Amino acid sequence: MKALLSSRPVLWFLFLFNLTVAAVAPFAVDGAQGLATSAGMGVVSLGAGMALLKGRSQGQQA
């Protein structure tokens, strides 16, 4: 499972999908629920983005 989640296509999907949901959630859902959804999805998106950058820097060193 770890190999699947750390593959580049899955990381790109997680990054872009969660970033999109984080941007749209406050407008689609009112109140605290929209803000909480946006914050949670933003954290997941940042995590996937950091994993993409980490993998990129490791690829350049090899």
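Rules of the game
Residues numbered from 1 in each chain as written. Predicted model: local features only at pLDDT ≥ 70, side-chain atom pairs only at ≥ 80, totals over all residues. Heavy atoms only, no water. Helix = DSSP H or I, 4+ residues; strand = E, 2+ residues; numbered from the N terminus. UniProt positions renumbered as here; feature names shortened; annotations may be inferred. Phe/Tyr/Trp six-rings, centres within 6.5 Å; stacked < 30°, edge-to-face > 60°. Buried < 20%, exposed > 50% of the residue type's maximum accessible area, 1.4 Å probe, protein only. Expected span 1.5 Å × (residues − 1). Bend = angle between axes of the 7 residues up to and from the residue.

> Looking at this structure, I do not really get the environment of Val-10. What am I missing?
Positionally, Val-10 belongs in helix α2 (residues 8–28). With 21 residues separating them in the primary sequence, Val-10 and Gly-31 have C-alpha atoms 31 Å apart.

> What should I look at first to understand the UniProt feature "transmembrane region" (unreviewed entry) in the protein in this one?
The UniProt record marks residues 32–53 with the feature "transmembrane region" (unreviewed entry), using the residue numbering of this structure. Secondary structure content for residues 32–53 is 100% helix and 0% strand, and the end C-alpha separation is 31 Å.

> Sorry, what's going on with the packing of aromatic side chains here?
Here a ring pair, both rings aromatic, is described through the centre-centre distance and the interplanar angle of the planes. Applying the stated criterion to the full structure yields two aromatic pairs. Ring geometry for Trp-12 versus Phe-15: centroids 6.0 Å apart, planes at 80 degrees, classification edge-to-face. Within this pair, Trp-12 and its partner Phe-15 are both found in helix α2, separated by three residues, close to a single helical turn. Judged by relative accessible area, Trp-12 falls into the partly exposed class, the value being 40%. With a centroid separation of 5.4 Å and 10 degrees between ring planes, the pair formed by Phe-13 and Phe-17 is classed as stacked. With a gap of four residues between them, Phe-13 and Phe-17 both fall in helix α2, about one helical turn apart. You can call Phe-13 exposed: its relative accessible area is 52%.

> Can you help me understand α2 in this one?
Given 3.6 residues to a turn, an α-helix orients residues that are three or four positions apart in the same direction. Here α2 spans 29 Å end to end across 21 residues, near enough to the 30 Å set by a 1.5 Å rise per residue. At Ala-22, α2 shows its maximal kink, close to 25 degrees; a proline, Pro-26, follows between one and four residues later. The set of residues buried in α2 consists of Leu-11, Asn-18, Ala-22 and Ala-25.

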